[in-house]
Amino acid sequence: MDAQAQGEALIRKALAELKIWGLQRVFAITEASQQGSGRAGSKRVALIKEWRDVMAEVGDHQSLVASLRQSAYYNLFKDEITAWEAKLALLQEGLALLNQVQRRWVYLEPIFGRGALPAQQARFRNVDEEFRRIMGQLEITKLVVSFADIPGIRDKLPQMAQQLDVCQRALSDFLEDKRSSFPRFYFLGDDDLLEILGQSKNPAVIQSHLKKLFAGIHKASPQSCPDQINIQPSA
């Protein structure tokens, strides 16, 4: 086999491997039931897991395509190589953003789902609906390369990430204001503090966090006067 035939065969083999990967590689999907952003009941949503493996494979294939571009026989396969180059670049950039959006959504959805920060509800709801739509589309085929075919995905994700960033900053400012008003709230994580603020009239919830707020306190119980609280030290 002469050098040209051998060089062309290597490129064909590499492109065939890329095609097989594109036809077979699917996202690992997990299911989550989340409160639906101020709506009654729960709504199932698909989430992607094992991001590291997918991103590593995309990076490896980008390196492979870059090496094909350096081949003396690149021009014979230029269209196919260029198409893979563009698709893999979109996957690398877009999936990194989707991972970021998913992580923020997972954190913020339960908070906004129970009605926190009314001023930001509309903003979050818009992102929530778009996120669910995207994940629903990916769940249908599950193919990793199908992500690149979602209309307008390159523009949507940066906007979603920016809007979630606004929501998260608003949440952080809200919690900081509450902690400044009552410094012992600094002993609580965000989730615990939000639970207290959201269920401030539920004694069982408040009592479950007392030991974090006050060292040595076991529980609080009402005395004869309903407005008084009897603080009992832990044993």
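One structure accompanies this document, and this report is about it. Note that the structure is a prediction, hence the values are computed from the model and not measured. (Residues numbered from 1 in each chain as written. Predicted model: local features only at pLDDT ≥ 70, side-chain atom pairs only at ≥ 80, totals over all residues. Heavy atoms only, no water.)

### Considerations on the nonpolar core
No. 1: Ranked by internal contacts, the top residues of the largest apolar core, which has 58 residues, are Leu 91, Leu 95, Leu 98, Phe 131, Leu 138, Phe 147 and Leu 157.
No. 2: Those elements that place two or more of their residues in this core are α1 (3-24), β2 (42-49), α2 (51-69), α3 (78-113), α4 (121-141), α5 (153-181) and α6 (190-198).
No. 3: Ranked by residues supplied to this core, first place goes to α3 with 13 residues.
No. 4: Each residue touching Phe 131, except ones within four places of it in the same chain, is listed here: Val 45, Leu 47, Leu 98, Val 101, Gln 102, Trp 105 and Met 160. (Core = buried A, V, L, I, M, F, W, Y, C linked by side-chain atoms within 4.5 Å. Buried < 20%, exposed > 50% of the residue type's maximum accessible area, 1.4 Å probe, protein only. Helix = DSSP H or I, 4+ residues; strand = E, 2+ residues; numbered from the N terminus. Contact = heavy atoms within 4.5 Å.)

### With respect to α6
No. 1: For α6, the full list of buried residues reads Asp 192, Leu 193, Leu 194 and Ile 196.
No. 2: Here the buried face of α6 lies against α3, α5, α7 (203-208) and α8 (210-213).

### Things to note about empty space enclosed by the protein
No. 1: Considering all chains together, one arrives at 1 cavity of 30 Å³ or more under this definition.
No. 2: Considered as a void within the structure, the largest cavity measures approximately 50 Å³ in volume.
No. 3: Lining the largest cavity, in full, are Leu 90, Glu 93, Gly 94, Leu 97, Phe 147, Ile 153, Arg 154 and Leu 157.
No. 4: Of all the secondary-structure elements, those providing two or more residues to the lining of the largest cavity are α3 and α5. (1 Å grid on protein atoms, 1.4 Å probe; cavity = no way out; pocket = protein on both sides within 12 Å on 5 of 7 lines; lining within 4 Å. Points joined across faces, edges and corners; volume = space filled by probe spheres on them.)

### Points about the packing of aromatic side chains
The geometry of two aromatic rings is summed up by the distance between their centres and the angle between their planes.
No. 1: Using the criterion set out here, one finds 3 aromatic pairs in the structure.
No. 2: Geometrically, the ring pair formed by Phe 112 and Phe 124 is stacked, given 4.7 Å between the ring centres and 10° between the ring planes. Of the two residues, Phe 112 is situated in helix α3 and Phe 124 in helix α4; the sequence distance between them amounts to 12 residues. An identical accessibility class is assigned to Phe 112 and Phe 124; each is buried. (Phe/Tyr/Trp six-rings, centres within 6.5 Å; stacked < 30°, edge-to-face > 60°.)

### A few points about the environment of Lys 19
No. 1: Checked against the element boundaries, Lys 19 lands in helix α1.
No. 2: For Lys 19, a relative accessible area of 53% translates into the label exposed.
No. 3: C-alpha of Lys 19 to C-alpha of Trp 84: the two residues are 65 residues apart in sequence and 9.3 Å apart in space.

### Comments concerning the packing of α2 against α3
No. 1: Remark: α2 packs on α3, axes separated minimally by 9 Å, with the N-to-C direction vectors making an angle of 155°. Here α3 runs roughly antiparallel to α2, going by the angle between their axes. Once α2 is placed against α3, the crossing between them reads as left-handed. (Axes fitted to C-alpha atoms, helices over the stretch in contact; angles between N-to-C directions. Parallel < 35°, antiparallel > 145°, perpendicular 65-115°, else oblique. Left-handed = near helix turned anticlockwise from the far one by under 90°.)

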